[in-house]
Amino acid sequence: MSREPGCSRWLLFAACAHLFFLLPPLRTRAFAVGLVPEGAEDETELPMLQKSEQSRTVSKISRELKEIVFVIQSQRNSFHSKRAEDLKRDILKQAADLGKELPTVLLIHQMDRHEGAWTILPLMRDFSVTYGRNSSWIFFCEEDTRIQVIKLLEVLGRFDRSKEWFLGRALYDEESTIIHHYAFAENPTVFKFPDFAAGWALSIPLVNKLAKKLKSEPLKSDFTIDLKHEIALYIWQKGEGPHLTPVPEFCTDDVNSYKVDYCATTFSNFLPLCGEPVKKEDIFVAVKTCRKFHGDRIPVVKQTWEKEAALIEYYSDYADISIPTIDLGIPNTDRGHCGKTFAILERFLNHTSPRTPWLVIVDDDTLISIFRLRKLLSCYDPNEPVFLGERYGYGLGTGGYGYITGGGGMVFSRIAVQKLLASKCRCYSMDAPDDMVLGMCFSGLGIPITHSPLFHQARPMDYPKDYLSHQIPVSFHKHWNIDPVKVYFTWLAPNTEELHDGKKVGYNREDL
């Protein structure tokens, strides 16, 4: 009995050895399950093969990246052009880390061969001719969009590039709205349009189709009010063209969001601040009003944002000392207010301190945050001719012009006012639309219109909630069917502002 344990161990050893030699080599099994690449004859070849596989992957990524044309919706103003250039450098740096083939990155303001380049559609023929054979996608983004290039490649790779695709983060109207001409009034939620802040993409087959259509049917001379909605309508072609395909990885979450690893794009959704806010005394505020609105609109201004302004005057067709208002000698009209606005510009230039660099002209039913405007203006050089606000367009398909829509507020640097009045460009009639005449004048002078989406011609309810969710707005306009005081304290009052490090934090916005 004493020999049995030793014998058992010897028999077990012999059986294991026999089994070992009967089994196929471990490396052969590894080939079978894909753990070791086929063709690796010995272990010294593994790193070389891994490098070869990585090289093929990088080559594929590089090729796919070369087939994307990035278009940054940039502007000529020095602040905006610098931000766009920074984004371009970031895209190219990411691309350089992935391979030698760099993508094309275009800046809209450098393509501005005519006034309407910022409306995108007039550029489709150029895109088709230049990139229609060797590219797969045109990807559009704003200067504050942040892109994870490798993630963007993965997302676009899900779609057949030989087909017509219109990709983006989907917005929709919950109610029909005037800024979209009450489109889809029965159910506005059915029509989706892209949030430019998240980026959006067109496949080259769709670009070629649009270019062909534009060649045979030029764009009409009409108003451009909300570009993202109007581009989607044009592509949709009354149901004959593609709908917007929502892409969840196109995000407007802040770069510090927990979702950042999931997103191909994010958005810098904080109020720009480039140093100390502009002083109150550096902004002169002109409020356009008339006698019939002294009793209802002016009290709203005084209850809300008037106290934020150090220099403010009310201009009317009647001198009311209780406000007080100043009668400029310009009769009120039911149409445009060009005569009144130009009188305000001349008064600002001739009767205010030359050390006051900024003029803001607003309507008496404009709700504005001077507190936020002071931060925003810290990013603009008052020595440049600046004309700032929400940009609209007129007749841009046929060489028209852009303009700052008056209801959201028009911001002028003093030098811009000086150049305008020195040009002798004036109203063609006293009741002409002042904002459009100003657009024509500045266009003729070669002074760019500077767009900020933080100014709003309409009420909060007229914009998609998801669109406003990544904004810290500067203004809204109109008192129709709302409580304007409530709107101001919900959306614009300084006590809703995050004051630390320029970052946005959540705060309650009631449904209005």
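Residues numbered from 1 in each chain as written. Predicted model: local features only at pLDDT ≥ 70, side-chain atom pairs only at ≥ 80, totals over all residues. Heavy atoms only, no water.

Trainee: Honestly, helix 6 (residues 149-156) in this entry has me stumped. Any pointers?
Mentor: Count 3.6 residues to each turn of an α-helix, and residues three or four apart come out pointing the same way. Of all eight residues in helix 6, six are buried; the element is thus mostly enclosed. If you check which residues of helix 6 are buried, you get Val 149, Lys 151, Leu 152, Leu 153, Val 155 and Leu 156. (Buried < 20%, exposed > 50% of the residue type's maximum accessible area, 1.4 Å probe, protein only. Helix = DSSP H or I, 4+ residues; strand = E, 2+ residues; numbered from the N terminus.)

Trainee: Can you help me understand the sheet that holds strand 19 (residues 401-404) in this one?
Mentor: Taken in spatial order, the three strands line up as 9-18-19 in an open sheet, and their pairing is antiparallel. Every interior strand has two partners, whereas the edge strands, strand 9 (223-224) and strand 19, have only one. Relative to strand 18 (residues 391-394), strand 9 runs antiparallel, the two being bridged by two bridges. Among the inter-strand pairings, Phe 223 is bridged to a residue of strand 18, identified as Tyr 394. Taken strand by strand, helix 13 (residues 434-445) contacts strand 9, strand 18 and strand 19, and its axis lies near 125° from that of strand 19. (Pairing = 2+ DSSP bridges. Contact = heavy atoms within 4.5 Å. Axes fitted to C-alpha atoms, helices over the stretch in contact; angles between N-to-C directions.)

Trainee: What is the right way to look at the packing of helix 10 (residues 338-351) against helix 13 in this model?
Mentor: Packed helices, taken two at a time, are described by the angle their axes make and the gap between the axes. Packing of helix 10 against helix 13 leaves a shortest axis separation of 8 Å and a crossing angle of 60°. Taken together, the axis directions place helix 10 and helix 13 in an arrangement best described as oblique. Where helix 10 approaches helix 13, its residues Cys 338, Thr 341, Phe 342 and Leu 345 are matched on the opposing element by Asp 434, Val 437, Leu 438 and Cys 441. Along the lines of polarity and charge, the residues of the contact of helix 10 with helix 13 split into six nonpolar, one polar and one charged. (Parallel < 35°, antiparallel > 145°, perpendicular 65-115°, else oblique. Nonpolar A, V, L, I, M, F, W, Y, C, P; charged D, E, K, R; others polar.)

Trainee: It is not clear to me how the pattern of salt bridges should be interpreted in this structure. Could you clarify?
Mentor: Pairing between side chains of opposite charge can happen when their charged atoms approach one another. The final tally for this structure, using the stated rule, is 23 salt bridges. Taking the shortest distance from any N to any O, the salt bridge between Lys 259 and Asp 253 comes out at 3.9 Å. Put simply, Asp 434 and Lys 288 hold a salt bridge, and the shortest N to O gap is 2.5 Å. With Asp 434 in helix 13 and Lys 288 in strand 12 (residues 283-288), this pair connects stretches of sequence that are 146 residues apart. Residue Lys 288 is classed as buried on the basis of its relative accessible area, which comes to 8%. (Salt bridge = Lys/Arg side-chain N within 4 Å of Asp/Glu carboxyl O.)

Trainee: Help me understand the packing of helix 5 (residues 124-131) against helix 7 (residues 204-216), please; the structure alone is not making it clear to me.
Mentor: At a minimum axis separation of 8 Å, helix 5 and helix 7 run at an interaxial angle of 125°. As far as their axial angle goes, helix 7 and helix 5 are oblique. The way helix 5 lies across helix 7 gives a crossing that is left-handed. Touching Met 124, Arg 125, Phe 127, Ser 128 and Tyr 131 of helix 5 are Ile 204, Val 207, Asn 208, Leu 210, Ala 211, Leu 214 and Lys 215, all from helix 7. Each residue belonging to the contact of helix 5 with helix 7 can be placed in one class, and the counts come to eight nonpolar, two polar and two charged. (Left-handed = near helix turned anticlockwise from the far one by under 90°.)

Trainee: It is not clear to me how the sheet that holds strand 8 (residues 200-203) should be interpreted in this structure. Could you clarify?
Mentor: Hydrogen bonds between backbone groups are what pair the strands of a sheet, and the pairing can be parallel or antiparallel. Strands sit in the order 2-1-3-8-5-10 across an open sheet of six strands; the sheet is mixed. At either end of the open sheet lies a strand with only one pairing partner, and these are strand 2 (104-107) and strand 10 (245-246). Where strand 5 (residues 166-168) lies against strand 8, three bridges are found, and the strand directions are antiparallel. If you follow Gly 168 over to strand 8, its bridge partner there is Trp 200. Sitting on the sheet, helix 4 (residues 78-96) is in contact with strand 1 (68-72), strand 2 and strand 3 (137-141), with an inclination near 175° to strand 2. With respect to the sheet, helix 6 is in contact with strand 1, strand 3, strand 5 and strand 8, its orientation differing from that of strand 1 by roughly 120°.

Trainee: Mind showing me how you'd approach the pairing of strand 2 here?
Mentor: For a regular strand, side-chain orientation follows a simple rule: the groups alternate between the two sheet faces. Note that strand 1 and strand 2 share four bridges and pair parallel. Across the sheet, residue Val 69 finds its bridge partner in strand 2, namely Thr 104.

Trainee: Honestly, the state of the cysteines in this entry has me stumped. Any pointers?
Mentor: Note on terminology: disulfide describes a covalent bond linking the sulfur atoms of two cysteines. Inspection of the entire model under this criterion finds four disulfides. Across a sulfur-sulfur distance of 2.1 Å, Cys 338 and Cys 427 are joined as a disulfide pair. Every disulfide takes its handedness from the sign of the S-S torsion; for Cys 338 and Cys 427 that torsion is -90°, giving left-handed. Here Cys 338 is found in helix 10, whereas its partner Cys 427 is found in the loop between helix 12 (414-422) and helix 13, with 89 residues between them in sequence. Taken in sequence order, the bonded cysteines of the chain link in the pattern 1-2, 3-5, 4-7, 6-8. (Disulfide = S-S within 2.5 Å.)

Trainee: What exactly am I supposed to notice about the packing of aromatic side chains here?
Mentor: Given two aromatic rings, their pairing is described by the distance between the two centres and the angle made by the two planes. This structure, assessed with the given rule, holds 23 aromatic pairs. Their ring planes at 75° and their centres at 6.2 Å tell us that Phe 166 and Trp 200 sit as a pair that is edge-to-face. Placement of the pair is Phe 166 in strand 5 and Trp 200 in strand 8, with a sequence separation of 34 residues. With respect to class, Phe 166 is no different from Trp 200; both count as buried. For the ring pair Phe 196 and Trp 200, a centre distance of 5.1 Å and an interplane angle of 10° mean the geometry is stacked. For the pair formed by Phe 196 and Trp 200, the shared burial category is buried. Through successive ring pairs, a cluster of aromatic residues spans Phe 127, Phe 140, Phe 166, Phe 196 and Trp 200. (Phe/Tyr/Trp six-rings, centres within 6.5 Å; stacked < 30°, edge-to-face > 60°.)

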